[in-house]
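# A closer look at the structure
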Amino acid sequence: MLAESVRATMAFIVIWYGRRGIIDKVTFDAEKTAKDHAIAMFQTRRGDDGVVCVEVRKDNGAVVFSHAEN
């Protein structure tokens, strides 16, 4: 029961980075949704906003996914 309540309140943050630092942050309730969003939007954000890297982090700061391209 406790694990379910902890899992329900856990947030996942998608952090978009440019060459000069953080461009944007978006919060999601589910890890899969956050990761899917990061993957789907990477090329678009790269072209539109100059994104060079994206990370998905748990609300405690642990990185669960990252992606970068040269």
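Everything numeric in this text was worked out from a predicted model, so none of it was measured.

## Some points on the sheet that holds strand β2 (residues 21-28)
- Sheet architecture is open: 4 strands sit in the order β2-β1-β3-β4, paired in antiparallel fashion. At either end of the open sheet lies a strand with only one pairing partner, and these are β2 and β4 (63-68). For this sheet the average axis-to-axis angle between neighbouring strands, irrespective of direction, equals 15 degrees.
- Sheet topology note: the strand β1 (residues 12-18)/β2 ladder contains 7 bridges and is antiparallel. Each bridged residue has a counterpart across the sheet, and for tryptophan 16 the counterpart in β2 is aspartate 24.
- Running over the sheet, helix α2 (residues 31-49) touches β1, β2, β3 (53-58) and β4 and is turned about 15 degrees from β1.

## Concerning the pairing of β1
- In terms of burial, β1 is largely enclosed, as 6 of its 7 residues are buried.
- Hairpin connection, β1 to β2: the antiparallel pair is bridged by 2 residues.
- With 6 bridges connecting them, β1 and β3 associate as antiparallel partners. For valine 14, the partnering residue across the bridge sits in β3 and is valine 56.

## Topic: the environment of phenylalanine 65
- You can see phenylalanine 65 is positioned in strand β4.
- For phenylalanine 65, a relative accessible area of 17% translates into the label buried.
- Through-space distance from the C-alpha of phenylalanine 65 to that of alanine 38 is 9.0 Å; in sequence the pair is 27 residues apart.
- In this structure phenylalanine 65 touches Lys35, Ala38, Ile39, Val54, Glu55 and Val56, once residues within four positions along its chain are discounted.

## Thoughts on the pattern of salt bridges
- A complete count under the given rule lists 5 salt bridges for this structure.
- Between arginine 45 and aspartate 24 there is a salt bridge; the shortest N-O distance is 3.3 Å. Separated by 21 residues along the polypeptide, arginine 45 in helix α2 and aspartate 24 in strand β2 bring together distant segments of the chain.
- The exposure class of arginine 45 is buried, given its relative accessible area of 12%.
- Taking the shortest distance from any N to any O, the salt bridge between arginine 57 and glutamate 55 comes out at 2.8 Å.
- Using a relative accessible area of 24% as the deciding quantity, one classes arginine 57 as partly exposed.
- Residues joined in a network through salt bridges with shared partners are Asp24, Arg45 and Asp49.

Quick notes on the rules
- In every chain, residue numbers begin from 1 and rise along the written sequence.
- Only residues with pLDDT of at least 70 get local features here, since the model is predicted, and only at 80 or more are side-chain atom pairs given and counted; chain-wide, interface and lining totals rely on the full set of residues.
- The side-chain values count all of the structure's non-hydrogen atoms but skip hydrogen atoms and water molecules.
- Between any two strands, pairing holds if DSSP finds at least two bridges.
- Here a helix means four or more residues in a row that DSSP labels H or I, a strand means two or more in a row labelled E, and each is numbered from the N terminus.
- Lines are fitted to the C-alpha atoms to define the axes, a helix being fitted only along its stretch in contact, and any angle between axes, read from their N-to-C directions, falls within 0 to 180 degrees.
- Residue contacts follow a heavy-atom distance rule, with two residues in contact if any of their heavy atoms lie within 4.5 Å.
- Categorising residues by exposure relies on relative accessible area from a 1.4 Å probe, with only protein chains included: less than 20% of the type maximum marks a residue as buried, more than 50% marks it as exposed, and the intermediate range marks it as partly exposed.
- In what follows, salt bridge is the name for a side-chain nitrogen of Lys or Arg lying within 4 Å of a carboxyl oxygen of Asp or Glu.

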